[in-house]
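Residue strings, one per chain:
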Amino acid sequence: MGISKKYRVSSHPVSYVIVPTEGLTEEQRLALLNVCISSRSNIPGTKAIMKYLCDTPDLLKGYTSYTYNEIKKIIKTEEWTLEVNDD
């Protein structure tokens, strides 16, 4: 039994960029959130990963775009994830 089209992953390309968040005004923060489908801040709160579909929004042009596999590696670093000790 296959997965119905309703539940398949979108065929639209998903991309990610990392943007600095320090010094942004509330208006700039809202503008970023309006062009992206999700975001995640790093541990110090100085950067955010912004996820968007299709073409790069004008607001995010000039930043390096990452694929899912590339951003997954970045998220696993100390800057983005707290280390959990099982002690």
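Provided above is the structure to which this section pertains.
Criteria and cut-off values
Residues numbered from 1 in each chain as written. Predicted model: local features only at pLDDT ≥ 70, side-chain atom pairs only at ≥ 80, totals over all residues. Heavy atoms only, no water. Core = buried A, V, L, I, M, F, W, Y, C linked by side-chain atoms within 4.5 Å. Buried < 20%, exposed > 50% of the residue type's maximum accessible area, 1.4 Å probe, protein only. Helix = DSSP H or I, 4+ residues; strand = E, 2+ residues; numbered from the N terminus. Contact = heavy atoms within 4.5 Å. Patch = residues over 30% accessible without salt bridge, like charges linked within 9 Å, V, L, I, M, F, W, Y side chains within 5 Å. Areas by Shrake-Rupley, 256 points an atom, 1.4 Å probe, with all protein chains shown as cover. Salt bridge = Lys/Arg side-chain N within 4 Å of Asp/Glu carboxyl O. Pairing = 2+ DSSP bridges.

1. Regarding the nonpolar core
Stage number 1. Within the largest apolar cluster, eight residues are counted, these being V17, V19, L32, C36, A48, M50, Y52 and L60.
Stage number 2. Those elements giving two or more residues to this core turn out to be strand 1 (14-20) and strand 3 (47-53).
Stage number 3. When residues of this core are assigned to their parent elements, the largest contribution, three residues, is made by strand 3.
Stage number 4. Ignoring any residue separated from it by four or fewer positions in sequence, one finds Y52 in contact with P13, V14, S15, Y16, V17, V35, C36, I37, P57, L60 and S65.
Stage number 5. Grouped together as the second largest cluster of nonpolar side chains are five residues, Y16, I18, I49 and W80 included.

2. Focus: unusual backbone geometry
Most peptide bonds are trans, and most residues other than glycine sit at a negative phi.
Stage number 1. You will see that C54, though not glycine, has its phi angle at about 65°, which is positive.
Stage number 2. With respect to the helices, strands and loops of the structure, C54 is situated in the loop between strand 3 and strand 4 (65-66).
Stage number 3. By relative accessible area, which is 36% here, C54 ends up partly exposed.

3. Notes on a nonpolar patch on the surface
Stage number 1. A cluster of nonpolar side chains, V14, I37 and L53, forms an exposed patch at the surface whose accessible area comes to about 220 Å².
Stage number 2. Along the polypeptide, L53 turns up in strand 3.
Stage number 3. L53 gets classed as partly exposed once you look at its relative accessible area, which sits at 35%.

4. A few points about the side chain of T21
Stage number 1. Note on placement: T21 falls in the loop between strand 1 and helix 1 (26-35).
Stage number 2. Residue contacts for T21: discarding those within four places in its chain leaves R29, G45, T46, K47 and A48.

5. Regarding the pairing of strand 1
Stage number 1. Within strand 1, five of the seven residues are buried, leaving the element largely enclosed by the surrounding structure.
Stage number 2. Here strand 1 pairs with strand 3 via seven bridges, running antiparallel. In the sheet register, S15 faces strand 3, and the bridge partner there is Y52.
Stage number 3. Both strand 1 and strand 4 contribute to a ladder of two bridges, which runs antiparallel. In the sheet register, Y16 faces strand 4, and the bridge partner there is Y66.

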